[in-house]
Amino acid sequence: MASYTDKTPTFNPYVEQLPIEAMVQVGMEKQKQYGEGIEKIQTNIDNVAGLDIMKEESKNYLQSKLNKLGNDLKYVAAADFSNFQLVNSVSGMTNQIVKDPIIQDAVYSTKVVRKGQANMETAKKAGKSSVQNEARFNYDVSNWLNDKDMTTKFNGEYIEYTDIDKKLREVADKIHEVDNSFEIPYKRDNSGNTLYYKTDAKGQTSISTDPNSGGVAKIDDAILSIKTKGKPAEKILANFYDSINENDKRQLGIDSWYHYRGATKDTFKKDISDNYRNTKTMLNDEIINLSLKLQTDTKLTNVDRSAIQARITDVNEVLTNGSLDKKMNDQLLGIDNIKDLDKFKQSIYTEKTLTNLAKDMSWQSYEMEYKNNPYAQMDMERRRLQFQYDDASRQQRNADRSFGWDQTKFYIEQAQKAADKLGPQPIVTPGRISTDIDKPNLDKLNKEIAGIAGDAKVPGSGQIPELNSAYGALLTDPNIKDKKKYLDGLYSSYAKDPSFLSRVNDPNMKEYLEKRRSLEITVAQKRALATETIRQSKKYDDQLDKLIANEPGIVTTSGRSLYTGKELFEFTNSAQSFYTTTSSGGSPTTGASSSKTTFDAKGLLALYKGTKKEALAKAYVNHYYGKELTPTEKVLFKRSQEVNFKYAPKAYEIYNQKMAFQADFLAKSMPERQTNIGTLSSGNTDDMDRVTQLITRKGIEFSQGGVDSDKKGQFDPDAIQTLREGKGTGYTIEKKYDGSANLIISSGKSQQIIPMTPAEFSVYFPRYSKPNAVNDIKYAVLGSPNKTTNISGVKDASAAVNAYLSGESLPQLRGTSVSPLVRLDVDGSPFNDGSGNDRYVVRMYVNNNGEWLTRTLTPDYVNDATMQSIINGIGTSTVDEILKQNRKR
């Protein structure tokens, strides 16, 4: 039992034996180092595994190295990766993979390929690539990828395309031209040899081509003209070889590789033989050209002649000494023992390409023509069209004289007079034609023609006479009295052959001739349109003829016909055109207007004087003046009135149909009668700003008295403001034929119209107010009987004389030295109807030293937009191409 004498036990605090906190900190640091070691090793492995390698064998090689590394790491999986020495040891194993020569070569080669591919894409976007350069690079890459050898490096590169063709053409352009021409005025055989005629003592004539036969050459009716103008191919070729540099040779190497892919020995043999023949041909041509120069160029000095003769000797030596044959044979034999195929290909290809291009670029041409000038014929064609227009217009006037607005009153007056003398007769009043001022008709078109060509009744009127007056003193000698005749002859020469302008350094002459040409073509187009309108509407004249064909006329007791029913009807209608009704204005007291009708009896008698219808005219005039008619005159007048009254209503109906048809035909065929509509983009801030300015200006105009709108309510400032503040509001410009326009603001069914005069339209919307040349062309084609802008309808080189456009009308040629030498026409499909589906062919003419060349710039029919693009793209290079095409023929 315990006692108070026992001692109480005591508790002693724990005394820490180990630094737990420090141990924890050390453990955490070790864990961190372990994690970093693992991360470093994994990063190294990932970097190695992510190397960009294209070649499959190298990829597999890398994978095998990574697999081995993985197996090696299994043995140290439980090791302490916080130990930097262990980590560095493992990292060294991955670095050994990176330093592997095979891996390094694979990575390097892949980088080179990637760089080449990037360069190729950049070149494509910049337009500095080509199919052959791309194919060559891809071919080299493919060969490297497929060679199965991991030790090969790819050292190729993408080579940016060098336009050899363009460079060589520029070289050719700088070569001085050779210009020779001469004429052989003597009779020749079929081979072109001059014939020499010798007559013996018996009068027998012998013919020989030997100039030493003692015969005499005879002048031929058709002079043979041989013209040489241009740059000899052999001269161009020599310059080509001199201009080729190392970069060009590299491109030629690529081109030759591409060209000869899959080539056989036969391919090389053919090209070698062709090169040989072309070289011989060019050298022979050079001898001919030099010989012609010696014979025809009177400006050569003795030194020049000696140099030319020496060159002829040298060229002839090359042709005869066998050196060309030896070169060809060596190349042919070398095909079986080619040491460097690429070099061989390049050599053959370079010779072939440069030779053919030299031939293409050569301006050398020999042309044999029998002088029968088709251009003069086309110049006469324009005058023939004028005669056709005058004749058709005259017939049209004769047929239409009676059918005017004053017809109604005239018929009533005449019917009343007839009723008084002949007894009760039915009164017939024909319908009225439309008085729409904007509706086109032949009278308006004829006034437009007179406004350009001039009116014989008003001397000096018209744009062409005014142009002649303005330039007459500038271009003619003071001693020339008949300046019009001189200027007409000058223009005629220009239409046929404008090349003389290159020798006449007179800007006034060029300016006059181009203005005159534009006016002449315009008036010719309008005349052709008028003639075609009359021709198209002739079916109505035929209907009228058929209507009256069986109506009896006036027959004598012996059965002889004096006048047919048709002749009586035509005369009566013709006579009615000599009535003129004029308004005398309103009465000062009643305000009512009055009119006065007068009759030109003298004019009617003068028209038919000496003709079969003179007796009818006298009877008509005597009746008008109330004179006593003879029994014959009574019959003539009475019968002509009966025929007229019987057929006038139906004839007038046919006439109305004819006028409506002509108006519709003209409206479809005249560009100035068309209305164009375009919608403005609300995102175009410039257009929207101009809209605001126009509305503001028209608002001020409205407050000062109103805006000239067609209908009330079309322009209301408050309504316009409401529309502009609303959503979905659109802005449309309606461009009219006379240059004016409407700005239409609309939303749903609500709209406001802001009218613009031509001047306002051009100020506020200058881009849209410009005339559309394509529309002019479109309707010129549509209104042509031959569906072409050319007034003669001809489609060969001679049509250039009457071509619709000149080089001055083409944006890229305007103001250049070649613009006077270029003309342009557009031929339409026979199925064109004026819709958006119309199709065209663009035809271009180029004057080459007095000779017109022609070519269609479109192999097939194209639409409006493509036609415009082609016309806008015509430049000096197009001219060169046409000249080159001609030389190939």
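Each chain has its residues counted from 1, running along the sequence as written. Owing to the predicted nature of the model, reporting of local features is limited to residues with pLDDT of at least 70; listing and counting of side-chain atom pairs is limited to 80 or more, with chain, interface and lining totals taken over all residues. The side-chain figures draw on all heavy atoms in the structure; neither hydrogens nor water molecules are used.

**A short note on the overall build of the protein**
So, point 1. For the protein, the count of helices and strands is 30 helices and 18 strands.
So, point 2. Counting only residues that meet the buried cut, the protein has 40% of its 889 residues in that class.
So, point 3. Contact criterion: two residues are considered in contact whenever any of their non-hydrogen atoms come within 4.5 Å of each other. Long-range contacts, defined here as pairs at least 24 residues apart, represent 68% of the contacts in the protein between residues at least 6 apart.
So, point 4. Only the protein chains shown count as cover for residues, and all accessible areas are computed by the Shrake-Rupley method using a 1.4 Å probe. Here the protein has roughly 50400 Å² of accessible surface; of this, 51% comes from carbon and sulfur atoms. Each helix corresponds to a stretch of at least 4 residues labelled H or I by DSSP, and each strand to a stretch of at least 2 residues labelled E; elements are numbered beginning at the N terminus. Partly exposed describes any residue whose relative accessible area lies between the buried limit of under 20% and the exposed limit of over 50%, with all areas from a 1.4 Å probe on protein chains only and scaled to the type maximum.

**Observations concerning the pairing of strand β3 (residues 205-208)**
So, point 1. Sheet topology places strand β2 (residues 196-199) next to β3; four bridges connect them, and they run antiparallel. Bridge pairing in β3 links Thr 199 to Thr 205.
So, point 2. Here, a strand pair is defined by DSSP locating no fewer than two bridges between the strands. Hairpin geometry of β2 and β3 is characterised by an intervening segment of five residues between the two adjacent antiparallel strands and by a positive phi of about 85° at Gly 203.

**Topic: the pattern of salt bridges**
So, point 1. By convention in these notes, a salt bridge is any Lys or Arg side-chain nitrogen within 4 Å of a carboxyl oxygen on Asp or Glu. Summed over all chains, the structure comprises 34 salt bridges.
So, point 2. For Glu 614, the salt bridge identified is with Lys 618, shortest N-O distance 3.8 Å. Here Glu 614 pairs with Lys 618, and both are found in helix α22 (residues 614-624), just four residues apart, close to one helical turn.
So, point 3. Each of the salt bridges in this network shares a partner with another, and the network as a whole consists of Glu 551, Arg 639, Glu 642 and Lys 646.

**Topic: the packing of helix α21 (residues 601-608) against α22**
So, point 1. One way to put it is that α21 packs onto α22 with a least axis distance of 8 Å and a crossing angle of 165°. The orientation of α21 relative to α22 falls into the category roughly antiparallel. In this structure, α21 meets α22 at a crossing whose hand is left-handed. Between α21 and α22, the contacting residues are Ala 601, Leu 604, Leu 605 and Tyr 608 on the first element and Glu 614, Ala 617, Lys 618, Tyr 620 and Val 621 on the second. Axes, fitted as lines to C-alpha atoms, cover a helix only where it is in contact. Angles between the N-to-C directions of the axes lie from 0 to 180 degrees. Roughly parallel here means an angle under 35 degrees, roughly antiparallel means over 145, roughly perpendicular means 65 to 115, and every remaining angle is called oblique. Left-handed is the label given to a crossing in which the near helix is rotated counterclockwise from the far helix by less than a right angle, and right-handed is the label when the rotation is clockwise.

**Examining the nonpolar core**
So, point 1. The definition of a nonpolar core used throughout is a set of buried Ala, Val, Leu, Ile, Met, Phe, Trp, Tyr and Cys residues joined through side-chain atoms within 4.5 Å. Membership of the largest hydrophobic core comes to 29 residues, with the highest contact counts inside it found for Leu 168, Phe 240, Ile 272, Leu 319, Phe 344, Leu 354 and Ala 358.
So, point 2. Those elements giving two or more residues to this core turn out to be α6 (164-173), α7 (233-243), α9 (265-296), α10 (302-320), α11 (323-334) and α12 (341-361).
So, point 3. Judged by nonpolar contacts, the second largest core, of 27 residues, contains Ile 464, Tyr 491, Phe 665 and Met 670.

**Digging into helix α19 (residues 538-548)**
Spacing of three or four residues puts side chains on the same side of an α-helix, whose turn is 3.6 residues.
So, point 1. Within α19, burial applies to Tyr 540, Asp 541, Leu 544 and Ile 548. Angular distribution of buried residues about the axis of α19 spans 105°; they occupy a single face of the element. Picture the helix axis, draw a direction to every C-beta atom, and the arc is the one those directions span.

**Remarks on helix α20 (residues 565-576)**
So, point 1. To estimate the expected span of a helix, subtract one from its residue number and multiply by 1.5 Å. The first and last C-alpha atoms of α20 sit 17 Å apart over twelve residues, in line with the 16 Å expected at 1.5 Å per residue.
So, point 2. With ten of twelve residues buried, α20 lies mostly within the body of the structure.
So, point 3. Within α20, burial applies to Gly 565, Glu 567, Leu 568, Phe 569, Phe 571, Thr 572, Asn 573, Ser 574, Ala 575 and Gln 576.

**A look at the side chain of Thr 533**
So, point 1. Relative to the helices and strands, Thr 533 is located in helix α18 (residues 507-536).
So, point 2. Classification of Thr 533 by relative accessible area gives buried; the value is 0%.
So, point 3. Excluding residues within four positions of it along the chain, Thr 533 makes contact with Leu 442, Gln 662, Phe 665 and Leu 666.

**Topic: the confidence of the model for the protein**
So, point 1. Overall, the prediction assigns the protein a mean pLDDT of 74, with 71% of residues at 70 or greater.
So, point 2. Below pLDDT 50 for its whole length, residues 221-229 participates in 49 contacts with residues either more than four positions away or in separate chains.
So, point 3. pLDDT gives the predictor's per-residue confidence on a scale running from 0 to 100. Note that residues 363-373 has pLDDT below 50 and, in this model, 42 contacts with residues that lie over four places away or in other chains.

**Digging into the sheet that holds strand β18 (residues 851-856)**
So, point 1. Spatially, four strands are ordered β15-β16-β17-β18 in an open sheet, and the strand pairing comes out antiparallel. One side of each edge strand has no neighbouring strand; the edge strands of this open sheet are β15 (805-806) and β18.
So, point 2. Note that β15 and strand β16 (residues 822-828) share two bridges and pair antiparallel. Among the inter-strand pairings, Ser 806 is bridged to a residue of β16, identified as Arg 823.

**Notes on unusual backbone geometry**
In terms of backbone geometry, most residues other than glycine have negative phi values and most peptide bonds are trans.
So, point 1. Unusually for a residue other than glycine, Lys 148 sits at a positive phi of about 65°.
So, point 2. With respect to the helices, strands and loops of the structure, Lys 148 is situated in the loop between α5 (131-145) and α6.
So, point 3. With a phi angle near 55°, Lys 787 is a residue other than glycine that sits in the positive phi range.
So, point 4. Relative to the assigned elements, Lys 787 resides in the loop between α28 (773-782) and β15.

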